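Observations on the model geometry
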Amino acid sequence: VLLYMTSPKLCCVALSVIPVVGIGAMTLSRYTSALTKQLRALQSDILSYSLERISNISTVKLNCREQYEKEKYAEYLQRSNALSKSRFNSRGTFMGFINLSTNLSLLAVLKVGGELLAAGTMTAGDLARFAVQVHHLYTYIYIYIYLFKCFLKTCFYLLYILSIL
């Protein structure tokens, strides 16, 4: 409301970015979550494979399969490393996208605000206050989204625990 009262035009510019950022953030977040699930499944497979081979090491040695088992384990580790790299790249892209979109929206606000300054409909102090308020708005939106995501995870785990009991 305070943003709109300061300048309706700047408010529209600042708020027009939120859906784009939200859609992009949700898409990248879901992709990162999918990679995380795949990585956990692969790590579970690696662990079960290793435990099975170590518990039956005498059978492996009896059949002279040591080299094969080493190669198979190395293949598992390579797949795990590649998946981990994709996951971290995805997280980095996500954070970079959030940072870039926030900075570009602030740049757009400052550009439109500069035009309003040149036209004499806004003062420099109003523009600075508006820019700070927009930055806080974006920060709060990100925090609320994160808290809502944590709340949903907590509810999921709570339901899981209650279903076990």
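Above this text is the structure in question.
Read on for a plain summary of the structure. Quick caveat: nothing in here was measured; it's all calculated off a predicted structure.

What counts, and where the lines are drawn
Residues numbered from 1 in each chain as written. Predicted model: local features only at pLDDT ≥ 70, side-chain atom pairs only at ≥ 80, totals over all residues. Heavy atoms only, no water. Core = buried A, V, L, I, M, F, W, Y, C linked by side-chain atoms within 4.5 Å. Buried < 20%, exposed > 50% of the residue type's maximum accessible area, 1.4 Å probe, protein only. Helix = DSSP H or I, 4+ residues; strand = E, 2+ residues; numbered from the N terminus. Patch = residues over 30% accessible without salt bridge, like charges linked within 9 Å, V, L, I, M, F, W, Y side chains within 5 Å. Areas by Shrake-Rupley, 256 points an atom, 1.4 Å probe, with all protein chains shown as cover. Salt bridge = Lys/Arg side-chain N within 4 Å of Asp/Glu carboxyl O. Lys, Arg positive; Asp, Glu negative; His and termini not counted. Charge placed at Lys NZ, Arg CZ, Asp CG, Glu CD. Axes fitted to C-alpha atoms, helices over the stretch in contact; angles between N-to-C directions. Parallel < 35°, antiparallel > 145°, perpendicular 65-115°, else oblique. Left-handed = near helix turned anticlockwise from the far one by under 90°. Contact = heavy atoms within 4.5 Å. Nonpolar A, V, L, I, M, F, W, Y, C, P; charged D, E, K, R; others polar.

Section: the nonpolar core
With 18 residues, the main nonpolar core has Leu10, Ala14, Phe130 and Val134 as its most contacted residues. If you list the elements that add at least two residues to this core, you get α2 (8-55), α4 (66-119) and α5 (124-164). The next biggest cluster of nonpolar side chains, apart from the first, holds 7 residues, and it includes Leu39, Ile46, Tyr49 and Leu83.

Some words on a nonpolar patch on the surface
Residues Met95, Tyr140, Tyr142, Ile143, Tyr144, Tyr146 and Leu147 make up a contiguous nonpolar surface patch of about 760 Å² in total accessible area. On the secondary structure map, Tyr144 appears in helix α5. Residue class for Tyr144 comes out exposed when judged on its relative accessible area of 58%.

Thoughts on a positive patch on the surface
Taken together, the side chains of Arg40, Arg91, Lys149 and Lys153 present a region of like positive charge at the surface. On the secondary structure map, Arg91 appears in helix α4. Arg91 sits in the partly exposed class, given a relative accessible area of 41%.

Focus on the packing of α2 against α5
Packing of α2 against α5 brings their axes to within 12 Å, and their N-to-C directions diverge by 25 degrees. Accordingly, the angle class assigned to the pair α2 and α5 is roughly parallel. Of the two possible hands of crossing, α2 and α5 adopt the one that is right-handed. Contact residues: Leu10, Cys11, Ala14, Leu15, Val17, Ile18 and Ser29 in α2; Leu127, Phe130, Val134, Leu137, Tyr138, Ile141 and Lys149 in α5. When the residues that make up the contact of α2 with α5 are grouped by side-chain class, the tally is 12 nonpolar, 1 polar and 1 charged.

With respect to the pattern of salt bridges
One pass over the full model with this rule turns up 4 salt bridges. When the shortest N-O distance is used, the salt bridge between Arg53 and Glu52 registers 3.2 Å. Classification of Arg53 as partly exposed rests on a relative accessible area of 24%. Glu52 sits in the partly exposed class, given a relative accessible area of 43%. Note that Glu69 and Arg53 form a salt bridge whose closest N and O atoms lie 2.9 Å from each other. Of the two residues, Glu69 sits in helix α4 while Arg53 sits in helix α2, which places them 16 residues apart along the sequence.

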